[in-house]
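The lines below spell out each chain.
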Amino acid sequence: MLYSDLFGKTRHNPPCDADSINAKLLTQAGFIEKLAAGIYNLLPLGYRVFNKINKIIEEEMNAVGGQRLLMPALHPIDIWKVTGRDRTMDDILYRTHASGDKEFVFGPSHEETVTPLACKYIQSYKDLPLSVYQIQTKFRDEPRAKSGLLRGREFGMKDMYSFHVSEEDLDEYYEEVKQAYLNVYERCDLKTHVIEASGGPFSDKFSHEFSVETPIGEDTVIVCEKCGTAQNLEIAEGKVVDPDEKEEKELPLEEVDVERGFSVEDNAKAHNVPEYKILKSVVYNVEDEGLVGVVIRGDLNVSVVKLENYLKKRLRSASPEELEKMGLVQGYISPVNIPKNIKISFIGDHSIKNVKNFVTGANAHAKDYKNVNLARDFVVKDFTDLVEVKSGFECAKCDKPLKEIQAVEVGNIFKLGTKYSEAFELNYTDKDGKAKLVVMGCYGIGNTRLMGTIVEVYHDEKGMIWPLGVAPYHVHIVSLGNDKSVTDKSMKLYEDLKDSGVEALYDDRDESPGVKLNDADLIGIPLRLIVSKRTLENDSVEWKERSSDKVSDVKFADLAGKVKKFINK
Ligand code: ATP
Ligand code: MG
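Not measured: the values here are computed from a predicted model.

> What's the story with the overall build of the chain in this structure? I'm lost.
Within the chain, the secondary structure is distributed over 15 helices and 33 strands. By the burial criterion, 51% of the 569 residues in the chain qualify as buried. Restricting the contact set of the chain to residue pairs at least 6 apart, pairs at least 24 apart contribute 69%. Only carbon and sulfur atoms are counted for the fraction: they give 50% of the accessible area of the chain, which is about 26600 Å². Across the chain, the 77 positively charged side chains and the 95 negatively charged ones have centroids separated by 2 Å.

See below:
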């Protein structure tokens, strides 16, 4: 491609509303152009990268037997009512009305279309296993579209769905797809953490997220640098480091008057104790159950997802009004001597077992208890692991300290089980002639997010640094000066490389060397070849790889072989 012909040029300044490196660089370099928040045009350079990513995905999905198809983006609302996701996903659904009264949604995901589709073709065990996928646009009314391609309202996704006779068959296939996913990311030069995440509300199954470490990532991931375990913060397990209190004796319970703020920090300061000595009570409003309290060490936080999974119910923090109605005094709640008329049970996090002489509220304004001890002064209904893991906890597998990192989720795979086949009555007849529910899995990769993530990982202060496998072109030829010998030779080089199957972009513009070289750095094509009067004197070109500072001259005679080697490495 001649740069002078290319639609989508570099701009001098980045767009002023770019909130991330990928939005800034991709726009400035002419790869994408924003239409509205979370909605982007992919210009020819960006579309080339997108297609390369998709080709990698397609090859890897085909390799695990996936058959590519294309499902509609517009879904009648009725299929979403079958699963109830018209309600549970209401906040992100884009709804529209067709002529007449018919309501439709723009597909945010395709379980509701693929399952009834499968019903049409799966009858017997002989039709299974089956795996189909599409590469398609998804629509989600994200409350905050942000970070360029990382969180869009209209975005690209490869979604694959598999159908099996049994859980065991799904388990086996799931592992194959997990490996295929790792292949995709490796071919994009991305190092991913495979994270055990929640399998959805109250599911005891895990899903796996594939996450790339980068400061802009919205997800906090807990990793063990020793054994490589990576867990989603919401459900991460880790060992709390207990204080050494073996020698400490239980002291007599005391009620004291206190002037203090509500935070654990204020509380610890007021009593001159470390934060872990505060017995923290947090109250939740649990669906169909009312208020439930959790007691945990003051320096730790409750994981709401762990609590939901434990109670198998949805919940939210209790509001000040709800606490007051129950007779609880905000900021002074505790399970110690709680008035009999207040019907609330407390669940204990394991972390409170190994601390003596806690400080906690006395269920009355400006009154606290000191020297509170478990069993002697209060009991809990049950103990469980409810703690939100943070840096410094020990890895549950190898005892090494855990670390928190920020990461972007670039893929997610789930074992759906029979959730959707039950909803749509997707049955098959087994060998004995009995009707059984089909077992399903689903597997998603955000391909536009992947493109943005690659830029977040591969850039420097001058611009993008595309990994070869997804670069828009392999080689960026730059001619310096208007000398005819230079422009002729550059054009010849461009034609020769193109003829030998090398993807080349030739900057043939009549621009200053500074502009052309800055643009080459910004665009980030892996190999830059400069042709100038100086290099021609030496019958060579100047060779510079975008990922290195090294510059060298390569003779024309050696160039074709060296370029081939470079792009096949
Ligand atoms: P997130 O937690 O980031 O909102 P999700 O878990 O809701 O994502 P999935 O339903 O698992 O997303 O979708 C599969 C993949 O699609 C994700 O792993 C991600 O790579 C991509 N994806 C999801 N939402 C968006 C979005 N708004 N913009 C771009 N890519 C997205
Ligand atoms: Mg996900």
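> Help me understand the packing of aromatic side chains, please; the structure alone is not making it clear to me.
Geometrically, a pair of aromatic rings is defined through the distance of the ring centres and the angle of the planes. A complete count under the given rule lists eleven aromatic pairs for this structure. For the ring pair Tyr 173 and Tyr 443, a centre distance of 6.1 Å and an interplane angle of 85° mean the geometry is edge-to-face. Taken as a pair, Tyr 173 in helix 6 (residues 167-187) and Tyr 443 in strand 26 (residues 439-445) lie far apart in primary sequence, 270 residues in all. By relative accessible area, Tyr 443 is classed as buried at 1%. Among the aromatic residues, those joined into a ring-pair cluster are Tyr 173, Tyr 174 and Tyr 443. Positioned over the ring face of Tyr 473 is Arg 48, at 4.0 Å from the centre of the ring. Between Lys 489 and the ring centre of Phe 556, over which it is positioned, the NZ or CZ distance is 4.3 Å.

> Just to check I follow, could you spell out the sheet that holds strand 5 (residues 94-97) for this structure?
The strands making up a sheet associate through backbone hydrogen bonding, with each pair oriented either parallel or antiparallel. Pairing in this open sheet of three strands is antiparallel, and the strands run 4-6-5 from one edge to the other. Of all the strands in the sheet, just strand 4 (74-76) and strand 5 have a single pairing partner and so form its edges. With strand direction ignored, the average angle separating the axes of adjacent strands in the sheet is 35°. The pairing of strand 4 with strand 6 (residues 103-106) spans three bridges and is antiparallel. What sits directly across from His 75, in strand 6, is Val 105.

> Would you mind showing me how to read empty space enclosed by the protein here?
Empty space left among the atoms is revealed by rolling a probe the size of a water molecule over them. A complete count under the given rule lists one cavity of 30 Å³ or more for this structure. Empty space within the largest cavity amounts to approximately 50 Å³. If you go around the largest cavity, the residues you meet are Ala 520, Asp 521, Ile 525, Arg 528, Lys 544, Glu 545 and Arg 546. Contributions of two or more residues to the lining of the largest cavity are made by helix 13 (513-523) and strand 32 (540-545). Residues that form the lining of the largest cavity fall into these classes: two nonpolar, no polar and five charged.

> Looking at this model, I keep getting lost on the sheet that holds strand 15 (residues 279-286). Mind explaining?
Overall, mixed pairing links the five strands, which are arranged 17-15-16-18-21 in an open sheet. Across the chains shown, the open sheet's two edge strands, defined by having one partner strand only, are strand 17 (315-317) and strand 21 (382-384). Between one strand axis and the next, the sheet turns by 35° as a mean value, whatever way the strands run. With eight bridges joining them, strand 15 and strand 16 (residues 290-297) adopt antiparallel strand pairing. When the bridges of strand 16 are listed, Asn 285 appears paired with Leu 291. On the sheet, helix 8 (residues 304-311) packs against strand 15, strand 16, strand 17, strand 18 (345-349) and strand 21 and is oriented at approximately 140° with respect to strand 17.

> Could you clarify how one ought to interpret the site of ligand 1 in this entry?
The full set close to ligand 1 counts 14 residues, and Arg 140, Glu 142, Arg 151, Gly 152 and Glu 409 are the nearest of them. Separating a nitrogen atom of ligand 1 from a backbone N or O atom of Gly 152 is a distance of 2.8 Å. Here an oxygen atom of ligand 1 and a side-chain polar atom of Arg 449 are 3.0 Å apart. Elements with a minimum of two residues in the shell around ligand 1: strand 8 (154-164) and strand 23 (402-417). Take the shell around ligand 1: its biggest share by element is four residues, from strand 23. Class assignment for the residues of the shell around ligand 1 results in five nonpolar, four polar and five charged.

Thresholds applied
Along every chain, residues carry numbers that run from 1 in the direction the sequence is written. Starting at A for chains and at 1 for ligands, labels are handed out in the order in which the entities are written. Thresholds applied to this predicted model are a pLDDT of at least 70 for local features of residues and 80 or more for the giving and counting of side-chain atom pairs; totals over whole chains, interfaces and linings are not thresholded and use all residues. Heavy atoms from the whole structure form the basis of all side-chain values; hydrogens and water molecules are not counted. The helix and strand labels rest on DSSP assignments: H or I over at least four residues marks a helix, E over at least two residues marks a strand, and numbering proceeds from the N terminus. Throughout this description, buried means an accessible area under 20% of the type-specific maximum (1.4 Å probe, protein chains only), exposed means over 50%, and partly exposed covers the range between. Contacts between residues were defined by any pair of non-hydrogen atoms, one from each residue, lying within 4.5 Å. The Shrake-Rupley method, run with a 1.4 Å probe sphere, supplies the accessible areas, and residue values consider only the shown protein chains as cover. Positive charges come from Lys and Arg alone, negative charges from Asp and Glu alone, with His and the N- and C-terminal ends not counted. Lysine's charge is taken at NZ, arginine's at CZ, aspartate's at CG and glutamate's at CD. For Phe, Tyr and Trp, rings pair up if their centres lie within 6.5 Å, where Trp contributes its six-membered ring, and each pair is then called stacked (planes under 30 degrees apart), edge-to-face (over 60) or tilted (otherwise). The rule for a charge over a ring is simple: NZ of Lys or CZ of Arg within 6 Å of the ring centre, and within 35 degrees of the ring normal. Whether two strands pair depends on DSSP finding at least two bridges between them. In this analysis, axes come from line fits to C-alpha atoms, helices being fitted only over the stretch in contact, and the angle between any two N-to-C directions falls in the range 0 to 180 degrees. Definitions used throughout: a 1 Å grid over protein atoms alone; a cavity as a set of points that fits a 1.4 Å probe which cannot get out; a pocket as an open set with protein on both sides within 12 Å along at least five of seven lines; a lining residue as one with an atom within 4 Å of a point. Grid points are joined across faces, edges and corners, and a volume is the space filled by probe spheres set on the points. Think of it as three bins: nonpolar holds Ala, Val, Leu, Ile, Met, Phe, Trp, Tyr, Cys and Pro, charged holds Asp, Glu, Lys and Arg, and polar takes everything else, Gly as well. Definition of nearness: a residue and a molecule or strand are near each other if at least one heavy atom of the residue lies within 4 Å of the molecule or strand. Nitrogen and oxygen atoms within 3.5 Å of one another constitute a polar contact, given that in protein one can donate a hydrogen and the other can accept it, and given that sequence-neighbouring residues count only through two side-chain atoms.

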